[in-house]
Amino acid sequence: MWHGPAVHRRKLGEELRGLRDRRGLTSGQAARLVGWHQSKVSRIETGRSGVKPADVIRLLDAYEVRDARLRMLLRALADSADDAGQHWARAYRGLLPPQYRDFISLESRARTARTLETSVVPGLLQTPAYARAVTRAALGSLPPDKVDSLVEVRLARQEVLRGDPPLALNAVLDEGVLRRQVGGPAAMHGQLRHLLEAAAWPHVRLQVIPFQYGGYVGLTGPFIIFSFPDISDLDVVVLDHLTSSLHLERREDLEAYSAAFQTVQSLALSCEDSLDLIARTARRAPGRSAASGEA
């Protein structure tokens, strides 16, 4: 299990250790080159200690790494490991549990996300009305102002779909996601219409597994796979539970969930047929006339 930005520190440490090895240096020799104690290099490489972006640059200079793209990526990873990203989330620091902040950090750094959702619309594609209904249902004991703040966070997260480059989102939804009346008929109709609009974006791919397929791998729980293709071996699987999240990064886990996602993709309707199903569901949804002004 991963807690906090430890996965970022560990991956950054692995990259730096690999660069040091390729340079033919011991950790002690590397430490002398930059004027540190050998234990500091060891703590950085094992992920036990954070490292500032400026220190990453010092190590890269010592290892004679000239690749500008690699230097930029490792510095960005140091920013993430140092929890320097997502400045907007700091305003909600007292409200968001550490694991949710960690999830936001991963989401903001990822290039692609593959997700299977069996109960609710993925957070990145939720409308305000739907997001509020989901939050109230999951955390009904919260006062209204905190519910509003959590909805604001969810909507702010969606900016990753408008970035440059945007996050590439590949989502497979169980048909039950479309049928469950979260927030009432009007809110649900607006949500279905929003899915159709989002699916028109070139970086969003939506597929639906219809009820007719019965049981399938992944039916018992949703998951999301974040990929960071420019940094080796950085994929992370996130499993959500009621009170916590589980983050998997072992190679065998990643391979298993990647294979599972390929399987559900093969079972799902094509993107075109999926959108047809969403459109038909929206047309048949009760209260659609009341929601006709929603996007």
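Residues numbered from 1 in each chain as written. Predicted model: local features only at pLDDT ≥ 70, side-chain atom pairs only at ≥ 80, totals over all residues. Heavy atoms only, no water.

Draft legend 1. Region of the structure containing the confidence of the model for the protein chain. Per-residue pLDDT for the protein chain averages 85, and the proportion of residues at 70 or more is 85%. Looking at the elements of the protein chain, mean pLDDT is at its lowest for helix α5 (residues 68–81), recorded as 76, and at its highest for strand β3 (residues 204–209), recorded as 98. In the model, residues 289–295 has pLDDT below 50 throughout and makes 10 contacts with residues more than four positions away in sequence or in other chains. (pLDDT = per-residue confidence, 0-100. Helix = DSSP H or I, 4+ residues; strand = E, 2+ residues; numbered from the N terminus. Contact = heavy atoms within 4.5 Å.)

Draft legend 2. Main features of the nonpolar core. By size, the foremost hydrophobic cluster in this structure holds 43 residues, and its most contacted members are Leu125, Leu178, Leu195, Leu206, Phe226 and Ile278. If you tally residues by element for this core, the top one is helix α10 (residues 185–198), at 5 residues. What isoleucine 278 contacts, discounting residues up to four positions off in sequence, is Leu178, Leu192, Leu195, Leu196, Leu206 and Val208. (Core = buried A, V, L, I, M, F, W, Y, C linked by side-chain atoms within 4.5 Å. Buried < 20%, exposed > 50% of the residue type's maximum accessible area, 1.4 Å probe, protein only.)

Draft legend 3. A look at helix α7 (residues 128–138). Listing the buried residues of α7 in full gives Tyr130, Ala131, Ala133, Val134 and Thr135. Along its buried surface, α7 packs onto α8 (144–157) and α10.

Draft legend 4. Geometry of the pattern of salt bridges. Under the criterion given, the structure shown has 12 salt bridges. Measuring nitrogen to oxygen at the nearest pair gives 3.5 Å for the salt bridge that ties aspartate 21 to arginine 20. The class of arginine 20 is buried, set by a relative accessible area of 8%. The residue arginine 250 makes a salt bridge to glutamate 252 at a minimum N-O spacing of 3.3 Å. Linked through salt bridges whose partners overlap, the residues forming this network are Arg20, Asp21 and Glu45. (Salt bridge = Lys/Arg side-chain N within 4 Å of Asp/Glu carboxyl O.)

Draft legend 5. Expanded view of helix α2 (residues 27–34). Within the span of α2, buried status applies to Ser27, Gly28, Ala30, Ala31 and Val34. Angularly, the buried residues of α2 cover 160° about the axis, an arc narrow enough to put them on a single face. Exposed residues pointing more than 90 degrees away from the buried face of α2 are listed as Arg32 and Leu33. Once α2 ends, the next one or two residues include glycine 35, with phi positive near 80°. (Arc of directions from axis to C-beta.)

Draft legend 6. Summary view of the packing of aromatic side chains. Considering all chains together, one arrives at 2 aromatic pairs under this definition. Geometrically, the ring pair formed by phenylalanine 223 and tyrosine 257 is edge-to-face, given 5.0 Å between the ring centres and 70° between the ring planes. Of this pair, phenylalanine 223 sits in strand β4 (residues 223–227) while tyrosine 257 sits in helix α11 (residues 251–267), and the two are 34 residues apart along the sequence. For phenylalanine 223, a relative accessible area of 4% corresponds to the buried category. You can call tyrosine 257 partly exposed: its relative accessible area is 22%. Directly above the ring of tryptophan 36 sits lysine 40, whose terminal nitrogen or CZ lies 4.0 Å from the centroid. (Phe/Tyr/Trp six-rings, centres within 6.5 Å; stacked < 30°, edge-to-face > 60°. Lys NZ or Arg CZ within 6 Å of the ring centre and 35° of its normal.)

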